Amino acid sequence: MIAILQWSTLAICVVVAAARVPSAVRGENRSLFYIFALMALAILLSIEAPYLAVDQAMGGVNAANLLLRFVIFGAIYFVGIRITRGFNAADAYRLIAGRVGMSVLAVISVVVVAVFLMMETAGSSAGLSALSAKDGPNEVLVEYYAAAGRAYPAYVALVLLPAMCRACRSTLPPLVRMAALLLATGSVAIGLSLLFPLIPPESGSLRFVINYTAVLCFVVGLALIWAARVRHGGKMTPRRTSTEK
């Protein structure tokens, strides 16, 4: 079931990204294409076979997992910028793209790299499952590394959540409010990832469900916003502020 969820999510991301290519070539809303492309790459690197192939090409030291972390950081950053601009959420925009947001991203990135360099990473392992099984400090370091990797997406998701809740209660067109509901659901799912250490090993599949629920909600939600802009001629959201220039 997990494999079906992974490959179907990848297929959706690829299809939506491909649909954005003509517009991106024309210079229209390129951020949407970047988001879908980065999400597709993140899903691809989350699947065992592609992960192992990429990591072996990178030396077999799980550098592909570090790459995956930063692909996710890039995707969630662009998602945050796109959503805050689209819904005119100036406060949330500043918390993501302003000094505070950039500081949070920088600190978390340094921590992720530092912990990765402290780990024994030899031997390609999707999800680093083989590394966490090793006795000694490596098991703890893998947990710290995973927690640091979840921190930035959770930060952006929690920053977005209030704006999405307001949009759900607004008088915006139904498609946009439905998109806001999906984006809010995705934000909650990412926030729940902070609780992964509390999930018992026998319920580990729940982590996959939460992760892919978040991805699907964001992809479909952004696609609905795109559809709404086409339908309403780009006039379905409040007027933008100067933070979006």
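Heads up: the structure comes first, above all this text.
Description of the structure in this document. Just so we're clear, the structure is a prediction, and the values are computed from it rather than from any experiment. (Residues numbered from 1 in each chain as written. Predicted model: local features only at pLDDT ≥ 70, side-chain atom pairs only at ≥ 80, totals over all residues. Heavy atoms only, no water.)

1. Quick word on the environment of Phe-87
Along the polypeptide, Phe-87 turns up in the loop between α4 (63-86) and α5 (90-97). For Phe-87 and Val-220, which are 133 residues apart along the polypeptide, the C-alpha to C-alpha distance reads 16 Å. Look past the residues within four positions of Phe-87 in its chain and what remains in contact with it is Met-164, Ala-167, Leu-172, Val-176, Ala-180, Leu-183 and Ile-225. (Helix = DSSP H or I, 4+ residues; strand = E, 2+ residues; numbered from the N terminus. Contact = heavy atoms within 4.5 Å.)

2. A word on helix α3 (residues 48-57)
Of all the residues in α3, the buried ones are Pro-50, Tyr-51 and Asp-55. Burial along α3 is one-sided: seen end-on, the buried residues are contained in an arc of 125°. In α3, those exposed residues whose orientation departs by more than 90 degrees from the buried face are Ala-49, Ala-53, Gln-56 and Ala-57. Following α3 by one or two positions, Gly-59 adopts a phi angle in the positive range, close to 110°. (Buried < 20%, exposed > 50% of the residue type's maximum accessible area, 1.4 Å probe, protein only. Arc of directions from axis to C-beta.)

3. A word on the packing of helix α1 (residues 2-25) against helix α2 (residues 30-46)
Put simply, α1 and α2 touch, their axes get as near as 8 Å, and they point 155° apart. Put simply, α1 runs roughly antiparallel to α2. Both α1 and α2 take part in a crossing whose hand is left-handed. Seen from α1, the contacting residues are Gln-6, Thr-9, Leu-10, Cys-13, Val-14, Val-16, Ala-17, Arg-20, Val-21, Ala-24 and Val-25; seen from α2, they are Arg-30, Leu-32, Phe-33, Phe-36, Ala-37, Met-39, Ala-40, Ile-43, Leu-44 and Ser-46. (Axes fitted to C-alpha atoms, helices over the stretch in contact; angles between N-to-C directions. Parallel < 35°, antiparallel > 145°, perpendicular 65-115°, else oblique. Left-handed = near helix turned anticlockwise from the far one by under 90°.)

4. Description of the environment of Leu-67
Within the secondary structure layout, Leu-67 lies in helix α4. Owing to a relative accessible area of 36%, Leu-67 belongs among the partly exposed residues under this scheme. The sequence separation of Leu-67 and Ala-148 amounts to 81 residues, and the corresponding C-alpha distance is 14 Å. Ignoring anything within four residues of it in the chain, the contact list for Leu-67 reads Leu-45 and Met-58.

5. Details of helix α6 (residues 99-118)
For α6, with 20 residues, the first-to-last C-alpha span of 29 Å sits near the 28 Å given by 1.5 Å per residue. Listed as buried for α6 are Gly-101, Leu-105, Ile-108, Ser-109, Val-112, Val-115 and Phe-116. An end-on view of α6 places all buried positions within 140° of arc, on one side of the element. α6 presents Arg-99, Val-107, Val-110, Leu-117 and Met-118 as exposed residues on the side facing more than 90 degrees away from its buried surface. Buried-residue contacts for α6 involve α4, α5 and α8 (137-168). (Expected span 1.5 Å × (residues − 1).)

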